[in-house]
Amino acid sequence: MRKVAIIAAALVALVSPATAADKGGPHATLEQILTAKPSALSGCFVEAGLQGTFLAAGDRLANGSLGLGCDAKIGIGIIGGGIRGLFGETEGRGGSFYGKLGFALNPHVGLYGLIDWRIKDWKARDLGQLALGAGLETTLFRDGLSGFIEASTPVAKWGAGVTKDDVLTMAGLRYRF
């Protein structure tokens, strides 16, 4: 997990655009920080990603995901949510509804907590499981395009068809419109 965090930090450092502090400009005031507009971190989006699930039993699963969502910016705070479909290996198919709450580290990088309700195979009888985690999103080389990484783990399960204890990691791209 430590290696994943180091790789994520390096990725953010490489793709984050420079800000005024990097260019020797004047320091930002508290008011400017609180009213910063993270242009790439608000609005509605479509996303595509790759998901890896690391099961307690030692198994590993890989799936793709497609989703839709919206984020709103309030000061430097970010609140949002969406829906995802997961496809690929049988054990990991299904989908999720998620919400997130976080803040902008700068106009191009956001850090957020994640609450995720997963439903295996979209079957109501399975009821699903609740997962908590965190994510990081940063703009890439084009307006409206951002990359994200997330990790979460289940905290509660209901129903007969829920998945095993696992850690879900996801990396992907979002396009905001």
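Residues numbered from 1 in each chain as written. Predicted model: local features only at pLDDT ≥ 70, side-chain atom pairs only at ≥ 80, totals over all residues. Heavy atoms only, no water.

Grouped together as the largest cluster of nonpolar side chains are seven residues: Phe45, Leu86, Tyr98, Tyr112, Leu114, Phe148 and Met170. With sequence-adjacent residues up to four places away left out, Met170 is seen in contact with Leu50, Gln51, Ser65, Arg84, Leu86, Phe148, Ile149 and Glu150. (Core = buried A, V, L, I, M, F, W, Y, C linked by side-chain atoms within 4.5 Å. Buried < 20%, exposed > 50% of the residue type's maximum accessible area, 1.4 Å probe, protein only. Contact = heavy atoms within 4.5 Å.)

Let us now look at a nonpolar patch on the surface. Together, Val46, Leu68, Ile83, Phe97, Tyr175 and Phe177 give the surface a local cluster of nonpolar side chains, amounting to about 580 Å² of exposed area. Structurally, Phe177 can be placed in the segment after β8 (166-176). (Patch = residues over 30% accessible without salt bridge, like charges linked within 9 Å, V, L, I, M, F, W, Y side chains within 5 Å. Areas by Shrake-Rupley, 256 points an atom, 1.4 Å probe, with all protein chains shown as cover. Salt bridge = Lys/Arg side-chain N within 4 Å of Asp/Glu carboxyl O. Helix = DSSP H or I, 4+ residues; strand = E, 2+ residues; numbered from the N terminus.)

Quick look at the state of the cysteines now. On inspection of all chains with the given rule, the structure shows one disulfide. Disulfide pairing is shown between Cys44 and Cys70; the S-S distance is 1.9 Å. What sets the handedness of the Cys44 and Cys70 disulfide is the S-S torsion sign, and at about 90 degrees it is right-handed. Of this pair, Cys44 sits in strand β1 (residues 43-55) while Cys70 sits in strand β2 (residues 60-74), placing them 26 residues apart in sequence. Given a relative accessible area of 33%, Cys70 falls into the partly exposed group. (Disulfide = S-S within 2.5 Å.)

Take the packing of aromatic side chains next. Going through the model one piece at a time under the given rule, you end up with zero aromatic pairs. Sitting over the face of the ring of Phe45, Arg174 holds its NZ or CZ atom 4.8 Å from the ring centroid. Lying across the ring of Phe148, Arg174 places its NZ or CZ 3.9 Å from the centre. (Phe/Tyr/Trp six-rings, centres within 6.5 Å; stacked < 30°, edge-to-face > 60°. Lys NZ or Arg CZ within 6 Å of the ring centre and 35° of its normal.)

We now examine the confidence of the model for the chain. A residue-level look at the chain finds 66% of positions with pLDDT of 70 or above and a mean pLDDT of 77. Of all helices and strands in the chain, the one with the weakest mean pLDDT is helix α1 (residues 2-15) (53), whereas strand β4 (residues 94-106) scores best (91). (pLDDT = per-residue confidence, 0-100.)

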